[in-house]
Amino acid sequence: PDAGAVEGCAAEPLHSFVTASQAHDAAVVQGHVANDFFRHAHPIPTVVDLYDPFIIENLHYHAERGDEVFQHDHATLMESLAHGDYFLCALEAQRLFYLGLLLAVGRLNPILFDEDPGLASLIGIAPFGVHPPRPAKPRDLAAPDLLFGGIYDWYDPIAAIDAVTLVRQSIPTATLTFTMHPNPDITPQGKLAEAIAYARAKGASFVRFEPWAPYEQRAEFFERFALALLTFPRSIETDLSMRTRVYDYLWCGLPIVTSSAPGTDELLGRYDAGSVVATESPQAYADAIVAILRDRERHATMTAGARRFVLEHQWDRTLGPLRAFCRAPRVEKTKDAF
């Protein structure tokens, strides 16, 4: 397109920020789009959603993308912390992490602390939610397909392939499915390439690499599987992340076998909806998988636990702090004090 057309495309979102912010009482922003919002929108009470610790996830991309990703992420996060009026995060570990950052930029300050020692007016926990429960579907435990899902560079797909190779010694019909990112140009695909090459070299025809299912069809996609498997090394990313796919898998009644991460561990333990593997041994993952697949009663118990999770994580409950803010939107009066 010509330069004028490009300028028009760029100008339209900025114009939309101005007009939309003038017509509304509050805004919710997340990630890099917040930069344009704070730069161009009419000032209104603004909630910054910090559910995704993108600056931590993207540390994995330095070797491939260089300094620019971290510099951009850091500037984005500092801008949002400086200008937001209220913040949301997914779990207690994130709340403490972001409170440290808010202290560093002067948002956690003595004036606010005197008025609100718990800082509930500054940041709240609003984890992900799920849609209403779906009817239970029978799962094929005799010829089970295991779902890993998308591969990002903080995961360990090789451990998953090795684990299912061992599972097949007891259950020869077991298969493993990965999904491929629909926009590979925006997210480095190093671990996906490793997994494809490894499966090919091992002759692991039981490993499948499939396109992402459309969002509105994901429930039917999930219902193909007997359980879900997640493998990853422990890091600061695993300490701070809440896996969105875990919520989706539980929504569809999938028991989960996973590496240890605080947010996921707590959920699976509370609802008895899966098995946490404390080591990085493929044999340990395989043992956990076989134990669930060979025990229909245990599988059913985990499916029932997933259903309890769904009932307690409807959006109107998980977004309670956001709903409260929107009932009385406010500009945080001390945000420029320090």
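Residues numbered from 1 in each chain as written. Predicted model: local features only at pLDDT ≥ 70, side-chain atom pairs only at ≥ 80, totals over all residues. Heavy atoms only, no water.

1. Considerations on the packing of helix H8 (residues 157-170) against helix H14 (residues 282-293)
Part 1 of the argument: The interhelical angle for the contact between H8 and H14, taken along N-to-C directions, is 50°, at an axis separation of 8 Å. Judged by the inter-axis angle, H8 sits oblique to H14. Read as a crossing pair, H8 and H14 show a hand that is right-handed. Residue-level inspection shows Ala159, Asp162, Ala163, Leu166, Val167 and Ser170 of H8 in contact with H14, the latter providing Pro282, Gln283, Tyr285, Ala286, Ile289 and Val290.
Part 2 of the argument: Looking at side-chain class alone, the contact of H8 with H14 contains 9 nonpolar, 2 polar and 1 charged residues. (Axes fitted to C-alpha atoms, helices over the stretch in contact; angles between N-to-C directions. Helix = DSSP H or I, 4+ residues; strand = E, 2+ residues; numbered from the N terminus. Parallel < 35°, antiparallel > 145°, perpendicular 65-115°, else oblique. Left-handed = near helix turned anticlockwise from the far one by under 90°. Contact = heavy atoms within 4.5 Å. Nonpolar A, V, L, I, M, F, W, Y, C, P; charged D, E, K, R; others polar.)

2. Structural notes on the pairing of strand E3 (residues 86-89)
Part 1 of the argument: Side chains Tyr86 and Leu88 of E3 all project onto a buried face; the interleaved residues Phe87 and Cys89 project onto the opposite face, where all are buried too.
Part 2 of the argument: Alignment of strand E2 (residues 46-49) against E3, held across 3 bridges, turns out to be parallel. In the sheet register, Val47 faces E3, and the bridge partner there is Tyr86.
Part 3 of the argument: By the bridge criterion, 3 bridges tie E3 to strand E4 (residues 123-125) in an arrangement that is parallel. Of the residues in E4, the one forming a bridge with Phe87 is Ile123. (Buried < 20%, exposed > 50% of the residue type's maximum accessible area, 1.4 Å probe, protein only. Pairing = 2+ DSSP bridges.)

3. Here's the deal with the environment of Ile158
Part 1 of the argument: Note that Ile158 resides in helix H8.
Part 2 of the argument: With 33 residues separating them in the primary sequence, Ile158 and Lys191 have C-alpha atoms 8.7 Å apart.
Part 3 of the argument: What Ile158 contacts, discounting residues up to four positions off in sequence, is Glu194, Ala195 and Tyr198.

4. Some points on the confidence of the model for the chain
Any segment with low pLDDT has predicted coordinates that should not be analysed in fine detail.
Part 1 of the argument: Averaged over the chain, the pLDDT score is 93; the fraction of residues at 70 or greater is 96%.
Part 2 of the argument: For residues 1-10, every residue scores under 50 in pLDDT, and the model assigns this stretch 1 contact once sequence neighbours within four places are set aside. (pLDDT = per-residue confidence, 0-100.)

5. Quick look at the pairing of strand E9 (residues 256-259)
Part 1 of the argument: Burial of E9 is two-sided: the residues Ile256 and Thr258 facing one way and the residues Val257 and Ser259 facing the other way are all buried.
Part 2 of the argument: Examined bridge by bridge, strand E8 (residues 227-230) and E9 share 3 bridges and lie parallel to one another. Across the sheet, the residue bridging to Leu229 is Val257, located in E9.
Part 3 of the argument: Bridging between E9 and strand E10 (residues 274-277) involves 4 bridges; their strand directions are parallel. When the bridges of E10 are listed, Thr258 appears paired with Val276.
Part 4 of the argument: Taking the sense of rotation as the criterion, the β-α-β connection linking E9, helix H13 (residues 262-271) and E10 turns out right-handed. (Right-handed = clockwise from strand over helix to strand, strands pointing away.)

6. Topic: the sheet that holds strand E1 (residues 27-29)
Part 1 of the argument: Spatial strand order, E1-E2-E3-E4: 4 strands in an open sheet with parallel pairing. The strands lining the two open edges of the sheet, one partner per strand, are E1 and E4. For this sheet the average axis-to-axis angle between neighbouring strands, irrespective of direction, equals 25°.
Part 2 of the argument: Contacts from helix H6 (residues 92-104) reach E3 and E4 within the one sheet, and its direction differs from that of E4 by about 170°.

7. Thoughts on the layout of surface pockets
Part 1 of the argument: Taken as a whole, the largest pocket encloses approximately 1,300 Å³ of empty space.
Part 2 of the argument: Surrounding the largest pocket, 44 residues form its lining, Tyr152, Trp212, Thr244, Arg245 and Asp248 being those nearest its centre.
Part 3 of the argument: Breaking the lining of the largest pocket down by element, the ones donating at least two residues are strand E5 (145-150), helix H10 (218-222) and helix H12 (244-251).
Part 4 of the argument: Take the lining of the largest pocket: its biggest share by element is 4 residues, from H12.
Part 5 of the argument: A class-by-class count of the residues in the lining of the largest pocket yields 25 nonpolar, 11 polar and 8 charged. (1 Å grid on protein atoms, 1.4 Å probe; cavity = no way out; pocket = protein on both sides within 12 Å on 5 of 7 lines; lining within 4 Å. Points joined across faces, edges and corners; volume = space filled by probe spheres on them.)

8. Quick look at H12
Part 1 of the argument: Taking burial as the measure, the 8 residues of H12 include 7 buried ones, the bulk of the element.
Part 2 of the argument: Among the structural elements, E5, H10, E8, E9, H13 and helix H15 (296-312) are those in contact with the buried residues of H12.
Part 3 of the argument: One or two positions beyond H12, positive phi appears at Gly253, with a value near 75°.

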